[in-house]
Amino acid sequence: MMLNERLKSTNHQVLAALSPRMTLPKDSYIYFNNLKKGYEGECKFDELCEKYLPPEWFVLRNLHYTLKGTDFQIDSILISQYNLILVDIKNFENDYYIKDGNWYTLSQHQISNPIAQKERIAILFQDLLNHFSSNLLVETYLLFINPAFTLYQAPIDSSLILPTQINRFMKTLNEKPIKLSESHHKLAEFLLSNQTSDKKHKCIPEHRYDMLKKGITCEVCNNFMKLSSKRSYLKCTSCGCEEKVEKAFIRNVLQYRVLFPEKAITTNNLVDWCEVLSDRTVSGLLRSNYKFIGHGKSVQYLV
Ligand SMILES: [Zn+2]
């Protein structure tokens, strides 16, 4: 049973909202692509959990914690009767090798050692768990989800799950006892409620409102949309797909919210942000989708 949604991190949402509206600096662009790739891998792992794990299992996704000033994130936590399983999911592609304990791509570019990262997370998590008396056995795995990943000189390490081992790993999990009780519920609640919000990454570029291109972006290709000849629809100027105005509007309101949490959601602000919609349309959509405070011209919507 999935106990929470796998939401994109705030940094991911910010970069996704910015990418069609400004030219991202190179480091932001690379970071954004890594986030997208990571998220895709995590979603693939969710599909495996749906496929292999009995519904009694608790599955918690994308959890953020801060402990003694250190932030850490866990991609998936699986709770069975006797085990608490942390899974760090990597969507690496192509060939890597390990030399003297360091990880490299075949072009000899060193990357941060994912085994060391996994161990760091395991230690921090154990500290977190000390605040909750649980006798579940904690296991931590590093799982490489992409079938196009190869690791030369891979260590023989049962906590490292390579692409060819994933199905077997999931089947092994499936055999674990699954009778969950009130204490498992309480533990899951503890893990969900003790999260902190993810911090702004150094690769998030400066983005003042006046720097950004305005308009409604397409869900499929992220380019801009214009009003369609079909009533209540928008059409993408690039891929040609059509979408209901209301759905596209809500998505773009959320982009505005994530980019400018300090700005009020008002009709005027959103008319300017969306560019292709009239005052009347924006006002109607805000009223029908969100609660509001204030009255007359000072109405603000709660998003
Ligand atoms: Zn499009």
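Quick caveat: nothing in here was measured; it's all calculated off a predicted structure.

Definitions and cut-offs
- Residues numbered from 1 in each chain as written.
- Predicted model: local features only at pLDDT ≥ 70, side-chain atom pairs only at ≥ 80, totals over all residues.
- Heavy atoms only, no water.
- Helix = DSSP H or I, 4+ residues; strand = E, 2+ residues; numbered from the N terminus.
- 1 Å grid on protein atoms, 1.4 Å probe; cavity = no way out; pocket = protein on both sides within 12 Å on 5 of 7 lines; lining within 4 Å.
- Points joined across faces, edges and corners; volume = space filled by probe spheres on them.
- Nonpolar A, V, L, I, M, F, W, Y, C, P; charged D, E, K, R; others polar.
- Domains from an automatic or database assignment.
- Contact = heavy atoms within 4.5 Å.
- Buried area = accessible area lost by both parts, 1.4 Å probe.
- Donors = N, O, S within 2.8 Å, 3.2 Å for Na, K, Ca; no water.
- Buried < 20%, exposed > 50% of the residue type's maximum accessible area, 1.4 Å probe, protein only.
- Axes fitted to C-alpha atoms, helices over the stretch in contact; angles between N-to-C directions.
- Left-handed = near helix turned anticlockwise from the far one by under 90°.
- Pairing = 2+ DSSP bridges.
- Core = buried A, V, L, I, M, F, W, Y, C linked by side-chain atoms within 4.5 Å.

## Some words on unusual backbone geometry
Unusually for a residue other than glycine, Gln108 sits at a positive phi of about 65 degrees. By secondary structure assignment, the location of Gln108 is in the loop between strand S5 (102–105) and strand S6 (110–111). A positive phi angle, near 55 degrees, is found at Gln153, a position not held by glycine. Inspection of the secondary structure puts Gln153 in the loop between strand S8 (149–152) and strand S9 (160–161).

## Some words on the layout of surface pockets
The computed volume of the largest pocket comes to approximately 1,500 Å³. Lining the largest pocket are 39 residues; nearest its centre among them are Tyr31, Leu35, Gln73, Lys90 and Gln117. Here the lining of the largest pocket takes 8 residues from helix H2 (residues 26–52), the largest share from any one element. A class-by-class count of the residues in the lining of the largest pocket yields 11 nonpolar, 18 polar and 10 charged. Taken as a whole, the second largest pocket encloses approximately 700 Å³ of empty space. Among the elements that line the lining of the second largest pocket, the one with the most residues is helix H6 (residues 245–259), at 5 residues.

## Structural notes on the domain arrangement of the protein
You can read the domains of the protein as domain 1 (10–193) and domain 2 (214–302). The gap between the C-alpha centroids of domain 1 and domain 2 is 35 Å. Between domain 1 and domain 2, the contact holds 9 residues from the first and 10 residues from the second. Carbon and sulfur atoms make up 63% of the surface buried where domain 1 meets domain 2, a total of about 720 Å² over both sides.

## What to know about the coordination of the zinc ion
Within the first shell, the zinc ion binds the protein through Cys218 (SG), Cys221 (SG), Cys236 (SG) and Cys239 (SG), at distances of 2.3 to 2.4 Å. In the primary sequence, the donor residues of the zinc ion line up as C-x2-C-x14-C-x2-C. The class for Cys218 is buried, based on a relative accessible area of 1%.

## What about the packing of helix H7 (residues 267–274) against helix H8 (residues 279–289)?
It is the contact of H7 with H8, at a shortest axis distance of 9 Å, that shows an interaxial angle of 120 degrees. Considering the relative orientation of H7 and H8, their crossing is right-handed. Contact residues: Thr267, Asn268, Leu270 and Val271 in H7; Asp279, Val282, Ser283 and Leu286 in H8.

## Looking at the sheet that holds S8
On the basis of which strands lie adjacent, the open sheet formed by 4 strands has the order S6-S5-S4-S8 and mixed pairing. The open sheet has two edge strands with one neighbour each: S6 and S8.

## Quick look at the nonpolar core
In this structure, Phe249, Leu259, Leu270, Trp273 and Leu277 are the most contacted members of the largest nonpolar core, which totals 38 residues. Of all the elements in the fold, those that place two or more residues in this core are helix H1 (10–18), H2, strand S11 (233–236), H6, H7 and H8. With 7 residues, the single largest contributor to this core is H6. Split by domain, the residues of this core number at least three in each of domain 1 (10–193) and domain 2 (214–302). Not counting residues up to four positions away in its chain, the partners in contact with Phe249 are Leu270, Cys274, Leu277, Val282, Leu285 and Leu286. Within the second largest apolar cluster, 22 residues are counted, among which are Leu67, Phe72, Leu136 and Leu187.

## Notes on empty space enclosed by the protein
The rolling of a water-molecule-sized probe over the atoms marks out the regions of remaining empty space. One pass over the full model with this rule turns up 1 cavity of 30 Å³ or more. Volume-wise, the largest cavity comes out at about 50 Å³. Residue lining of the largest cavity: Gln73, Ile74, Asp75, Leu86, Val87, Asp88, Lys118, Ile121, Thr140 and Tyr141, and that is the complete set. For the lining of the largest cavity, the elements supplying multiple residues, two or more each, are strand S2 (70–79), strand S3 (83–90), helix H3 (114–129) and strand S7 (137–144).

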